[in-house]
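# Residue-level structure breakdown
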Amino acid sequence: MATVEQPSQPTMPGEPQADAAHGAGVRRRDFINIAAVSFAGVGAAVAVAPLLIQMSPDASVRALSSTEVDVSKIQPGQGIKTVWRKQPVFIRNLTPQDIQAAASVEVGGLRDPQTLADRTKPGKQNWLVTLGVCTHLGCVPLGIGEGENKGEYGGYFCPCHGSHYDTAGRIRKGPAPTNLVVPEYEFASDTVVRIG
Amino acid sequence: MSFAWAKPYEPKNNFMKWLDERLPVPRLVYGAVGGGYPVPRNLNYFWNFGVLAGLALLIQIITGIVLGMHYYSYAGGAFESVERIMRDVNAGWVLRYVHQNGASFFFAIVYIHIFRGLYYGSYKAPREMVWMLGIVIYLLMMATAFMGYVLPWGQMSYWGAQVITGFFSAIPIVGEPLRVFLLGGYAPDQAALTRFFSLHYLLPFIISAVVILKIWALHIPGSSNPTGVDVKDEKDTLPFHPFYTAKDGFGIGVALILFSIFVFFLPYSLGHPDNYVEANPLVTPAHIVPEWYFWPFYAILRAFTVDFILPAKLWGVLAMFASILLLFFLTWLDRSPVRSTSYRPAYKIFFWVLVLDVMVLGYAGQAHITPFTLALSQVAAAYYFAHFLIILPLVSKFEKPLPLPTSISHSVLHGEKEESAPFGLTRTGPAAAPAAAE
Ligand code: FES
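Residues numbered from 1 in each chain as written. Chains lettered and ligands numbered in written order. Predicted model: local features only at pLDDT ≥ 70, side-chain atom pairs only at ≥ 80, totals over all residues. Heavy atoms only, no water.

The next thing to look at is the interface of chain A and chain B. Interface size, as often reported, equals the accessible area lost upon joining of the parts. Contacts between the two partners involve 27 residues from chain A and, on the opposite side, 33 residues from chain B. Each partner contributes to the roughly 2,400 Å² buried at the junction of chain A and chain B, and carbon and sulfur atoms together form 63% of this total. Looking at the side of chain A facing chain B, the largest losses of area belong to Met55(A), Leu137(A) and His161(A), adding up to 25% of the total buried there. Seen at the junction of chain A and chain B, the total is one salt bridge. We note a salt bridge from Lys86(A) to Asp189(B), for which the minimum N-O separation is 2.9 Å. Here chain A and chain B share ten residue pairs in polar contact (both at pLDDT 80 or more) between them. When contributions to the side of chain A that touches chain B are tallied by element, the ones reaching two or more residues are strand 2 (79–84) and strand 3 (87–93) of chain A. In terms of residue count, strand 2 of chain A provides more of the side of chain A that touches chain B than any other element does, three residues in total. For the side of chain A that touches chain B, the residue count by class is 13 nonpolar, nine polar and five charged. (Contact = heavy atoms within 4.5 Å. Buried area = accessible area lost by both parts, 1.4 Å probe. Salt bridge = Lys/Arg side-chain N within 4 Å of Asp/Glu carboxyl O. Polar contact = N/O pair within 3.5 Å; in protein donor to acceptor, adjacent residues only side chain to side chain. Helix = DSSP H or I, 4+ residues; strand = E, 2+ residues; numbered from the N terminus. Nonpolar A, V, L, I, M, F, W, Y, C, P; charged D, E, K, R; others polar.)

The subject of this paragraph is the UniProt feature "domain: Rieske" (unreviewed entry) in chain A. Mapped onto this structure's residue numbering, the UniProt feature "domain: Rieske" (unreviewed entry) falls at residues 99–194 of chain A. Between the end C-alpha atoms of residues 99–194 of chain A the distance is 23 Å, and the span holds 5% helix and 24% strand. (UniProt positions renumbered as here; feature names shortened; annotations may be inferred.)

Once that is clear, we can look at a nonpolar patch on the surface. All names here are of chain B. Residues Tyr45, Trp93, Phe250, Val254, Ile257, Leu258, Ile261, Phe262, Phe264, Phe265 and Leu266 make up a contiguous nonpolar surface patch of roughly 1,100 Å² in combined accessible area. Ranked by residue count, the leading element in the nonpolar patch is helix 10 (residues 240–265), at eight residues. For Val254, the position within the fold is in helix 10. Judged by relative accessible area, Val254 falls into the partly exposed class, the value being 38%. (Patch = residues over 30% accessible without salt bridge, like charges linked within 9 Å, V, L, I, M, F, W, Y side chains within 5 Å. Areas by Shrake-Rupley, 256 points an atom, 1.4 Å probe, with all protein chains shown as cover. Buried < 20%, exposed > 50% of the residue type's maximum accessible area, 1.4 Å probe, protein only.)

Residues and elements named next belong to chain A. Taken together, three strands build an open sheet; the order of strands is 5-6-7 and the sheet is antiparallel. Two strands close off the open sheet at either side, each with one partner strand: strand 5 (154–158) and strand 7 (171–173). Sheet twist, expressed as the mean angle between neighbouring strand axes with direction ignored, is 35 degrees. Note: strand 6 (residues 163–166) against strand 7, two bridges, orientation antiparallel. Its bridge partner being in strand 7, His164 is matched across the sheet by Lys173. (Pairing = 2+ DSSP bridges. Axes fitted to C-alpha atoms, helices over the stretch in contact; angles between N-to-C directions.)

Following this line, the structure appears as structure tokens:
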């Protein structure tokens, strides 16, 4: 912008360098142009900001940040589906065989290497809490409800593009890149899980 | 506009003369789609599809504006409002069927239009910009169609939105925050629905603007033609009006009959029954499929299942976008100076193989994932890229094209001299032609 050379003007008394600097260096007018355009640019950026940040999750969405779930009724081998931040969450009470199956896997060979212990709370290894959101493109995997397809590794199976998760919710086969996400949670008491 | 012998606009009466001096819109129309636009005389019916696409856009905009008067973009009421349109709103059912099937109609036309361009080399100089603007329109159409499909808030709407916005989470590091930003939440919900409605309403008007740019760019070199030979003189062309307005009018009649069959007799044949179940964020339908016009791309997306340097998921998303972005570079991938595939014996075979390949991808994109359909989509996706990146450059280098006709009129009239006099002039008077110039 504004770098076009003007034909030299008759020198004003207050502008002694105008002619001397002709063709090189910054003239006053260039400076004014750059300053004005930059100022307008900053102003435009500020004006655009609200138009963009309105897109982010609003206060009502962010307010749904934690939920408490009573897990006392879940027998080993069963699981429930609950909701946190409008996303499904799977809480599963693993059977000793499930834990056994998860522990017997060579962790180094996994796509997303994690042990069952990494993914559960100490002393509560049988409680697997994960988001029910396939890490591929976000479908809800099957396998938490009675009689649903648990996939080839006895955990979860995503019907959308065929991802198989094992009993620790780890990705074993299919397009998903990572294990099912373990949300932040804690045991508020022995039978109550607080997610978020 | 394009050729020296284009007939200039002459206002018919004093009012038109007065208007022409102040706001020359009739002059613009006359030069763009009237008697003042000379068009090669040998266009076949495949050249109807540009006008048909314009018609489809118009149908979608008009029905869409009216449907917008009855639709609520409210997650608790969107599904119901669509059912209300179908049952309670006067003539609502026909408006919705036209709009819903109109999207398929639009894509079907555009796919034929694109393959027409591929066959007749419409992407080659001097029409590269026309082609590229077309790809821009196609991308905008895909975005519009996707967001429109979300609006009824059925199961397929919801899970389609979940899966497609999931593409963004494939981007390393910024992907997941970007997805949350675009959705305005952690999963599709009210915020996403409202913004999709707003954008679904906006984008067709942006498409219209790009269409105007595209027509503008097209009118500089003028339309291509089935021989791919450049227009040489007046004998090669006919004025757009009345010749091609009539031909397009006939094409529009045929297209509307076909469209009406779908609207009135098969309105659900292209939809998916799961979308008549209201969105449920906790249950994914057993088999998610996009609308038919996205199947080939969906197949490419699903074809990647193993990590190779990058995660499989990112490969899938990249390949899917690349399969379209590739088309922007077609002019530089196909180095053959011959435009029309009719004169390219080797490329002709590969062209039809590509058509078949895209259909195979379409089949694989809607099929349940089995080892067979997965392998099929992998082979077909690999071939798709091989066609454009390997076969096309090599064929254009080694192929020996057939001899081209010396001119358009020669190819049409096969040398019957007396018939080749310019339209509207006496047989002895080609000398009168230059007077009409300017
Ligand atoms: S969303 Fe689960 S495999 Fe694609």
